[in-house]
Each structure stands twice: as structure tokens, then as C-alpha cells.
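Chain by chain, the residues run as shown.
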Amino acid sequence: MHTQIVGLHAPNAPRLRELLGPGHEVEALQGFPASGPIQADVVISNSVSADEAARLRCRLLHVPGAGSEQIACPALPSGTTVCNVHGHEVPIAEFTLHAVLEHFLQLWQYPARLDAAAWAEAYASRAQHDEADGKTVAILGFGHIGQEIARRARAFGMHVIAVTRSGKQGSAELADAYVPVSTLDDVLPRVHCLVLCCPLDDSTRGLIGARQLALLPARSLLVNVARAEVVDEQALYEALRDKPLARAVLDVWYQYPKKDQAVNPSRWPLHELPNVRATPHISAMTPALLDRRYRFMAQNIERLQQGQPLLNVIYRVP
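As a starting point, this report considers the structure included with it. Every value quoted in this text rests on a predicted model; they were computed, and no experiment measured them.

### Looking at the side chain of histidine 2
As for its position among the elements, histidine 2 is in strand β1 (residues 2-6). According to the relative accessible area criterion, histidine 2 is buried, its value standing at 17%. A distance of 2.9 Å separates polar atoms of two side chains, one belonging to histidine 2 and the other to glutamate 27. Apart from residues no more than four positions distant in its own chain, histidine 2 is found in contact with Glu25, Glu27, Gln39, Ala40, Asp41 and Val42.

So this is what it looks like as C-alpha cells:
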């Protein structure tokens, strides 16, 4: 069984090789060849262009994450199955709850070190901070990530509104209410935190625009761990610059570096605003995440070899 790991995940080839053991060849490639067929039993990559997809000759294309918007699935040849992998919901949920608690506790107002001078000034000017208990968080997207966030938010006494495509009712242990995304504008004026963890597709691109941001109450928080493009870029900058939106924690961005090309994360200087916590897409990046993901992909490769049904199939070309 021949597996190719291409691109950003190529350094993890030894990890997969160890999990699979004898009888498996694992090849690390920095990128796809510029021309000719791309031949392997399994290809692991988080980005496949239409040209590359048309040249793939593999049985399984495994995305090493959840998002598949960078995979040109319609261009894949017959007989190709595409699978993804989760496992990132726990660290992203912890990251999100840290952002929520930081927002209400306002610890950033105090000096990192409390020497004698800073102590006297901080004590004299200390103000009341807020608390998460009793606040309302709306979670847009209620899959693996959204549900893990909800579990932690409920543990802190928060009211949870799950915003999904259909609004179909789910577990009362996870959310106080389930509403369809079509009613999002009705929900926004009563939430203190809006958390985005939905997939990016034609229905969610630009879903949060100037109108939606204006509907959020004063001193509200936006946390985006989905994809940047779910929020209109200019509208987000203007809402934060002009302060109708109190704070944002952004872990996903509109522009990413490519090879040696340096770019700003946004066409607008979002990362320079004092009410933005800017992180470089790290909410899921833990050693345990890689262990979970590569164990899952190794399991799927073994299932392919043994002719068993694959797990997490997201696209199949007959």
C-alpha cells in the first residue's frame, strides 16, 4: 500500500509510517509534480487544485483536517473517494472558552507583572469585571466543534443558542434553543457572544455582514474559529474600528502566507486594532490533535487495504 503525504503535512510521514508498520510505503512530497499522473493508493493533502485533481490516480484522497474547500472534488477521476478527519474539536472548544472568559474577566487590563508601583496603581483603579454566568452565547454551526463549545459553555452557566441550517431540535443538555440560520438576525440582539464554527460554502460566505454586526449588543464578543470569509472583511474591520462590536478573537484569516511570500492576514489592518486578539490559526494545534488525526488516517488506510467501508467519507466519484 503506497501513501503520499503532500505539502504542509509532509513532515508527518514518519508518524504515519510508524502507525502503519510493515507492508506500507509512506512517501513525503513537498508538492505535487507539475505534470503527469499522480499515482498512489492513498494521497494525503489539504489542498488539491482542479489540474492536480484531474491527474490523481488514487483510491483514497484523505484530507488531514475537517475543511475540504481547497479540494477540487468535481475534477477528481472516477473511483476516487475523499475522506476527512476531525479530532480538533476539543482544543478549539478550549480556545473558544478561554476567549469568552477572558472577555468577561477583562484580565488584559492589568499589568503582566505586579511590582510595587504597578500594584498601587492597579489597586487604586481596579474596576469590576463581568462574569460568564447567565450570559448568552450563540454558536453558528453545531457539529463536532459547536457541541464541544456548548458543553463547556453550559458548565459555566451560560445560555446556549445553537444556530443550524434547519433549526432541528437537538439535545436539551447541549443547548437551550435550536434555531435555523434564517432567523439569525432575530437572535443576534440578545447574545453576548457570537461564536462561528460553521463550514465555509456558498451559503455561509459573507453570512455575517455589516447588518448582522450592527445587531449585536454593545460590549459583545465575536469569536471566529470557522473560516475568515464567513464574515465580510470590510464590515468586520469597520465594526471593530468604530466600536459597535466590542471585541473579536480571530484565529482564521483572509490571507495566508504561501511559500516565501509574506502577506498581511487581511486587506484591512484588523490585526492592529486594540480590540482584536489575533492568533495565527493555532486554536487546534496540539500534540494530541496530531496523534488523533494520524491514528484515524492510519485506520482508514488499513480499512482500504482490507476492503472495509471507509470512515468520514465526504465525496465519492462513481
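Back to the write-up after that little detour.
### Brief notes about the state of the cysteines
Tallied over the full model, the rule gives 0 disulfides. The cysteine cysteine 73 is free of any disulfide, with cysteine 83 supplying the nearest cysteine sulfur at 11 Å. Between cysteine 197, a cysteine without a disulfide, and cysteine 198, which holds the nearest cysteine sulfur, the sulfur-to-sulfur distance is 7.0 Å.

### Remarks on the sheet that holds strand β15 (residues 313-316)
Read across the sheet, 6 strands follow the order β2-β1-β4-β6-β7-β15 without closing on themselves; strand pairing throughout is mixed. In this open sheet, the two edge strands, each paired with only one partner strand, are β2 (25-29) and β15. Across the sheet, the mean angle separating the axes of adjacent strands is 20° when strand polarity is ignored. With 5 bridges connecting them, β1 and β2 associate as parallel partners. Counterpart to valine 6 in the pairing with β2 is leucine 29. Where helix α1 (residues 13-20) meets the sheet, it contacts β1, β2 and β4 (42-44), and its direction lies at approximately 170° from that of β2. Relative to strand β6 (residues 60-62), helix α9 (residues 287-306) is tilted by about 175°, and along the sheet it contacts β1, β4, β6 and β7 (81-83).

Definitions and cut-offs
- Residues numbered from 1 in each chain as written.
- Predicted model: local features only at pLDDT ≥ 70, side-chain atom pairs only at ≥ 80, totals over all residues.
- Heavy atoms only, no water.
- Helix = DSSP H or I, 4+ residues; strand = E, 2+ residues; numbered from the N terminus.
- Buried < 20%, exposed > 50% of the residue type's maximum accessible area, 1.4 Å probe, protein only.
- Polar contact = N/O pair within 3.5 Å; in protein donor to acceptor, adjacent residues only side chain to side chain.
- Contact = heavy atoms within 4.5 Å.
- Disulfide = S-S within 2.5 Å.
- Pairing = 2+ DSSP bridges.
- Axes fitted to C-alpha atoms, helices over the stretch in contact; angles between N-to-C directions.

Such coordinate-based values are descriptive only and should not be taken to indicate function.
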